[in-house]
Amino acid sequence: MERGKAMSSHLYLRRRLAPRNEKRVGASGQGSRSRRRLWSVLAVVALVGAVTPALASSVASAAIAGQAAPVLPTVASSTQFDITGFIQSATLDTAGDTHSGGTLTVNGHQVVIPRETVVILPANALTWQELFTHAPSPYGPTQTGMALNDTPTPLTTYEVH
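Residues numbered from 1 in each chain as written. Predicted model: local features only at pLDDT ≥ 70, side-chain atom pairs only at ≥ 80, totals over all residues. Heavy atoms only, no water.

1. Focus: the nonpolar core
For step 1, the next point in the chain: Core analysis: the largest hydrophobic core is formed by 14 residues, its most contacted members being Ile87, Ala90, Leu104, Ile113, Trp128, Leu131 and Phe132.
For step 2, the next point in the chain: Contributions of two or more residues to this core are made by strand 1 (85-92), strand 2 (102-106), strand 3 (109-113) and helix 3 (128-133).
For step 3, the next point in the chain: Aside from chain neighbours lying at most four places away, what touches leucine 131 is Val119, Leu121, Leu126, Thr144 and Met146. (Core = buried A, V, L, I, M, F, W, Y, C linked by side-chain atoms within 4.5 Å. Buried < 20%, exposed > 50% of the residue type's maximum accessible area, 1.4 Å probe, protein only. Helix = DSSP H or I, 4+ residues; strand = E, 2+ residues; numbered from the N terminus. Contact = heavy atoms within 4.5 Å.)

This is how it looks when you write it as structure tokens:
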């Protein structure tokens, strides 16, 4: 009898401690929510662990078999960049062409200036060729008067961005 009483008191305490919306462990074999979540997480981890090597081997076998492998993203051949520094030298490709490009050296890097480039100045917007043709008189049409290598050397430095 004592054994039966101990068992019933144990079941009684368990019923009182369990939340009302949670099913108790019984003949159906269902566990608590935390146990079910644990099993779900373990199942997902096992599935991912099993699928990842299988996916890798299928991609490798597809490449060996001559089938199309997945296309990976590639970097564009021309990307944007940003350089800030003093103008060391500037050249012009064709002096008579208003839409001409040239080169610019900034911080030791030579940058190619393409045709049709518009240079934005604080109070003006000029084409690359107009920078040379509108230069002050000692510099003439072959220099801008803004580069450190111009002759005579400019009185101040000019920064490009």
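2. Details of the side chain of threonine 127
For step 1, the next point in the chain: Residue placement: threonine 127 occurs in strand 5 (residues 124-127).
For step 2, the next point in the chain: One polar contact links the side chain of threonine 127 to the main-chain carbonyl oxygen of threonine 98, over a distance of 3.3 Å.
For step 3, the next point in the chain: Residues within four places of threonine 127 in sequence aside, it is in contact with Thr98, Thr117 and Val118. (Polar contact = N/O pair within 3.5 Å; in protein donor to acceptor, adjacent residues only side chain to side chain.)

3. Description of the environment of leucine 104
For step 1, the next point in the chain: Along the chain, the position of leucine 104 falls in strand 2.
For step 2, the next point in the chain: With 12 residues separating them in the primary sequence, leucine 104 and leucine 92 have C-alpha atoms 9.0 Å apart.
For step 3, the next point in the chain: Beyond its immediate stretch of four places on either side in the chain, leucine 104 contacts Ile87, Ser89, Ala90, His109, Gln110, Val111, Ile113, Trp128 and Val160.

4. Brief notes about the packing of aromatic side chains
Two descriptors summarise a pair of aromatic rings, namely the distance from one centre to the other and the angle between the planes of the rings.
For step 1, the next point in the chain: Counting across every chain of the model gives 1 aromatic pair.
For step 2, the next point in the chain: Relative to phenylalanine 132, the ring of tryptophan 128 has its centre 5.8 Å away and its plane inclined at 70 degrees; by these criteria the two rings are edge-to-face. In this pair, tryptophan 128 and phenylalanine 132 are both assigned in helix 3, 4 residues apart and thus about one turn of the helix distant. (Phe/Tyr/Trp six-rings, centres within 6.5 Å; stacked < 30°, edge-to-face > 60°.)

5. Here we look at the layout of surface pockets
For step 1, the next point in the chain: If you add up the space inside the largest pocket, you get close to 570 Å³.
For step 2, the next point in the chain: Along its surface, the largest pocket is lined by 23 residues, and Leu104, Ile113, Val119, Val160 and His161 are the ones closest to its centre.
For step 3, the next point in the chain: Considering every element that reaches the lining of the largest pocket, the biggest residue donor is strand 4 (residues 118-121), with 4 residues.
For step 4, the next point in the chain: Considering only residue class, the lining of the largest pocket consists of 18 nonpolar, 3 polar and 2 charged.
For step 5, the next point in the chain: Taken as a whole, the second largest pocket encloses approximately 150 Å³ of empty space. (1 Å grid on protein atoms, 1.4 Å probe; cavity = no way out; pocket = protein on both sides within 12 Å on 5 of 7 lines; lining within 4 Å. Points joined across faces, edges and corners; volume = space filled by probe spheres on them. Nonpolar A, V, L, I, M, F, W, Y, C, P; charged D, E, K, R; others polar.)

6. Observations regarding the pairing of strand 5
For step 1, the next point in the chain: Looking at chain direction, strand 4 and strand 5 are connected through 4 bridges and run antiparallel. Of the residues in strand 5, the one forming a bridge with valine 119 is leucine 126.
For step 2, the next point in the chain: Counted along the chain from strand 4 to the antiparallel partner strand 5, the turn is 2 residues long. (Pairing = 2+ DSSP bridges.)

7. Some points on the confidence of the model for the chain
For step 1, the next point in the chain: Model confidence for the chain is summarised by a mean pLDDT of 74, while 60% of its residues fall at 70 or above.
For step 2, the next point in the chain: Note on residues 1-18: pLDDT under 50 across the span, and 4 contacts to partners over four residues away in sequence or across chains. (pLDDT = per-residue confidence, 0-100.)

8. A short note on the sheet that holds strand 6 (residues 159-160)
Sheet strands associate in pairs through backbone hydrogen bonding, adopting either a parallel or an antiparallel arrangement.
For step 1, the next point in the chain: Within the open sheet, the 4 strands sit side by side as 3-2-1-6. Their pairing is antiparallel. With one partner strand each, in any of the chains shown, strand 3 and strand 6 form the two edges of the open sheet.
For step 2, the next point in the chain: The pairing of strand 2 with strand 3 spans 5 bridges and is classified as antiparallel. Paired with valine 106 across the bridge in strand 3 is histidine 109.

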